Amino acid sequence: MAAVRVCGIDELVENQASRFVLDGVPIAVVKDAAGDVFAIGDTCTHGDISLAEGFVEDDTLECWAHGSKFSLRTGKPLTLPAYEPVPVYQVEISGGDVLIDPAVTVTV
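In short, a report on the structure. Chains are numbered independently. Their residues run from 1 in the order of the written sequence. Side-chain atom pairs in this predicted model are given and counted only at pLDDT of 80 or more, local residue features only at pLDDT of at least 70, and totals for whole chains, interfaces and linings cover all residues. The side-chain quantities take in all heavy atoms of the structure and omit both hydrogens and water.

Quick look at the pattern of salt bridges now. Salt bridge, as applied in this entry: a Lys or Arg side-chain nitrogen positioned within 4 Å of an Asp or Glu carboxyl oxygen. Under the counting rule described, the total for this entry stands at 5 salt bridges. In this structure, R5 engages D97 in a salt bridge whose closest nitrogen and oxygen atoms are separated by 2.9 Å. One end of the pair, R5, is in strand β1 (residues 4–8); the other, D97, is in strand β9 (residues 97–105), and 92 residues separate them in sequence. Throughout, exposure labels follow a simple rule: accessible area from a 1.4 Å probe, protein chains only, divided by the maximum for the residue type, with under 20% read as buried, over 50% as exposed, and the rest as partly exposed. D97 sits in the partly exposed class, given a relative accessible area of 24%. We note a salt bridge from E57 to K69, for which the minimum N-O separation is 3.7 Å. Going along the chain from the N terminus, every DSSP run of H or I of four or more residues is numbered as a helix, and every run of E of two or more is numbered as a strand.

So this is what it looks like as structure tokens:
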């Protein structure tokens, strides 16, 4: 699958996650205060919880249910109880659109 448009960059709220499902893959997309856009797997590895419902702080996304924080850059959990990373997806910005290929993860 090729990268597909998920939204316009202006549709993303700064420091807030948005949930998208691409080809059956739930993805949390975040635009940080610097304007950088990140895409990580939307399901907490500790429990079946949507990370997009959590809290963005600096370069992390915190699961609202149990408090695990995941790096937006690497997908690695930075706090317990989660100990498994979530996938990180490559983000392309083209003409003001955010493009993601759910079949392509980034190795960090």
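Here the narrative resumes, following the displayed structure.
On to unusual backbone geometry. Following L80, the chain continues into P81 via a peptide bond in cis, with omega recorded as 15°. Turning to its location among the elements, P81 is positioned in the loop between β7 (69–71) and β8 (88–94). The phi dihedral of N15 is positive, around 60°, even though this residue is not glycine. Using a relative accessible area of 32% as the deciding quantity, one classes N15 as partly exposed. Of note in the backbone geometry, D58 takes a positive phi value of approximately 55° without being a glycine. Inspection of the secondary structure puts D58 in the loop between β5 (55–57) and β6 (60–62). Overall, D58 belongs to the exposed group, its relative accessible area being 62%.

This paragraph deals with the sheet that holds β7. Two strands qualify as a pair provided DSSP detects at least 2 bridges between them. In spatial order, the strands read β5-β6-β7; together these 3 strands make up an open sheet with antiparallel pairing. The open sheet has two edge strands with one neighbour each: β5 and β7. Taking each pair of neighbouring strands and ignoring which way they run, the sheet shows an average axis angle of 25°. Bridge count between β5 and β6: 3 bridges; the pairing is antiparallel. The residue bridging V56 from the neighbouring strand is L61, located in β6. Helix axes use the C-alpha atoms of the stretch in contact, all axes being lines fitted to C-alpha atoms, and the angles between their N-to-C directions lie in the range 0 to 180 degrees.

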